[in-house]
Amino acid sequence: MVAYTTLGNASLMWLLIAAIMVYFPKSRKAGIMVLFALILGYLLNNEFLKELIERPRPWVDLAGLEPLIHAADSNSFPSGHTCSAFAAAGIICRTLPKKWGLISVIAAVLMGFSRMYVGVHYFSDVLVGAAIGILCSQIIYYLFKAASAKTNLSIDCPSEKI
């Protein structure tokens, strides 16, 4: 769990997946949407909500809890790792074949679980992080869809035309 949760640092795993998607023409536009969803998630979740709410990490409040890792950010709510995971998974589910969507959702759920397992987030941090990530993916998806309709450019994705 420590190794897996570390892959989420700075959205590294999701940025690498987006880069791979951008490399291949069939998934390029979906990869670009993942990048935008990650950026929106970071701004909304990490730069706005975490700073506004300033909820301390679990080990600060729960006596005797020894986290398996130490997070650089002292704020816990909402989970940035989980937000990134669900922002990417939300786009992948909407734009790529179902098997990739299923894999991405499993990876996102596992990321959220790993954050609780290593002791750096509460369940509510993960739940709200997931909701924000899904919201960000929906916003980006619909912005791209609207832009493609307005400019008469198609955003072709294997599972559907946006």
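See the structure shown above.
**Q** Residues and numbers for a nonpolar patch on the surface, please.
**A** Among the surface-exposed residues, Met1, Val2, Leu68, Leu110, Phe113 and Tyr117 lie close enough to one another that they form a single nonpolar patch of about 540 Å² accessible area. Sorting elements by how many residues they give to the nonpolar patch places helix H6 (residues 98-117) first, with 3 residues.

**Q** So what's going on with the side chain of Thr5? Which residues, and what values?
**A** In this fold, Thr5 is placed in helix H1 (residues 2-7). Each residue touching Thr5, except ones within four places of it in the same chain, is listed here: Ile69, His81, Met111, Ser114, Arg115 and Val118.

**Q** So, the side chain of Asn75: which residues are in play, and what are the values?
**A** The residue Asn75 is located in the loop between helix H4 (58-61) and helix H5 (80-95) in this model. Here Asn75 falls in the buried class, since its relative accessible area comes to 8%. Within the local environment of Asn75, its side chain forms a polar contact with the backbone oxygen of Lys50, the two atoms lying 3.3 Å apart. Setting aside residues no more than four positions away along its own chain, Asn75 makes contact with Lys50, Glu51, Glu54, Arg55 and Arg57.

**Q** Residue-level account of the environment of Leu15, with values.
**A** With respect to the secondary-structure elements, Leu15 resides in helix H2 (residues 12-23). With 69 residues separating them along the chain, Leu15 and Ser84 place their C-alpha atoms 9.4 Å apart. Ignoring any residue separated from it by four or fewer positions in sequence, one finds Leu15 in contact with Ala10, Leu35 and Leu38.

**Q** Can you lay out the environment of Asn45 for me, pointing to particular residues and giving the numbers?
**A** Looking at the element boundaries, Asn45 is found in helix H3 (residues 28-53). Overall, the relative accessible area of 0% leaves Asn45 in the buried class. Considering only alpha carbons, one finds Asn45 and Thr95, 50 residues apart in sequence, at a separation of 23 Å.

**Q** Which residues make up the packing of H2 against H3, and what values go with them?
**A** When two helices pack together, their arrangement is given by the angle between the helix axes and by the axis-to-axis distance. Interaxial distance between H2 and H3 falls to 6 Å at its minimum, and their mutual angle equals 150°. With respect to H3, the element H2 is oriented roughly antiparallel. In this structure, H2 crosses over H3, and the sense of that crossing is left-handed. Contacts from Trp14, Leu15, Ala18, Met21, Val22 and Tyr23 in H2 reach Arg28, Ala30, Gly31, Ile32, Val34, Leu35 and Leu38 in H3. A per-class count over the contact of H2 with H3 returns 11 nonpolar, 1 polar and 1 charged.

**Q** Residue-level account of the pattern of salt bridges, with values.
**A** Under the defined criterion, the tally for this structure stands at 1 salt bridge. A salt bridge links Asp125 to Arg55; the shortest N-O distance between them is 2.9 Å. Taken together, the residues span a long stretch of sequence, with Asp125 in helix H7 (residues 123-151) and Arg55 in the loop between H3 and H4 at a distance of 70 residues.

**Q** Could you give an account of the packing of aromatic side chains, with specific residues and numbers?
**A** Applying the stated criterion across every chain, the model contains 4 aromatic pairs. Measuring from ring centre to ring centre gives 6.0 Å for Phe113 and Tyr117, while their planes differ by 40°; the resulting arrangement is tilted. Residue Phe113 and its partner Tyr117 are located together in helix H6, separated by 4 residues, close to a single helical turn. Take Phe113: its relative accessible area is 42%, and that puts it in the partly exposed class. Between Arg94 and the ring centre of Tyr141, over which it is positioned, the NZ or CZ distance is 4.3 Å.

Rules used throughout
Residues numbered from 1 in each chain as written. Predicted model: local features only at pLDDT ≥ 70, side-chain atom pairs only at ≥ 80, totals over all residues. Heavy atoms only, no water. Patch = residues over 30% accessible without salt bridge, like charges linked within 9 Å, V, L, I, M, F, W, Y side chains within 5 Å. Areas by Shrake-Rupley, 256 points an atom, 1.4 Å probe, with all protein chains shown as cover. Salt bridge = Lys/Arg side-chain N within 4 Å of Asp/Glu carboxyl O. Helix = DSSP H or I, 4+ residues; strand = E, 2+ residues; numbered from the N terminus. Contact = heavy atoms within 4.5 Å. Buried < 20%, exposed > 50% of the residue type's maximum accessible area, 1.4 Å probe, protein only. Polar contact = N/O pair within 3.5 Å; in protein donor to acceptor, adjacent residues only side chain to side chain. Axes fitted to C-alpha atoms, helices over the stretch in contact; angles between N-to-C directions. Parallel < 35°, antiparallel > 145°, perpendicular 65-115°, else oblique. Left-handed = near helix turned anticlockwise from the far one by under 90°. Nonpolar A, V, L, I, M, F, W, Y, C, P; charged D, E, K, R; others polar. Phe/Tyr/Trp six-rings, centres within 6.5 Å; stacked < 30°, edge-to-face > 60°. Lys NZ or Arg CZ within 6 Å of the ring centre and 35° of its normal.

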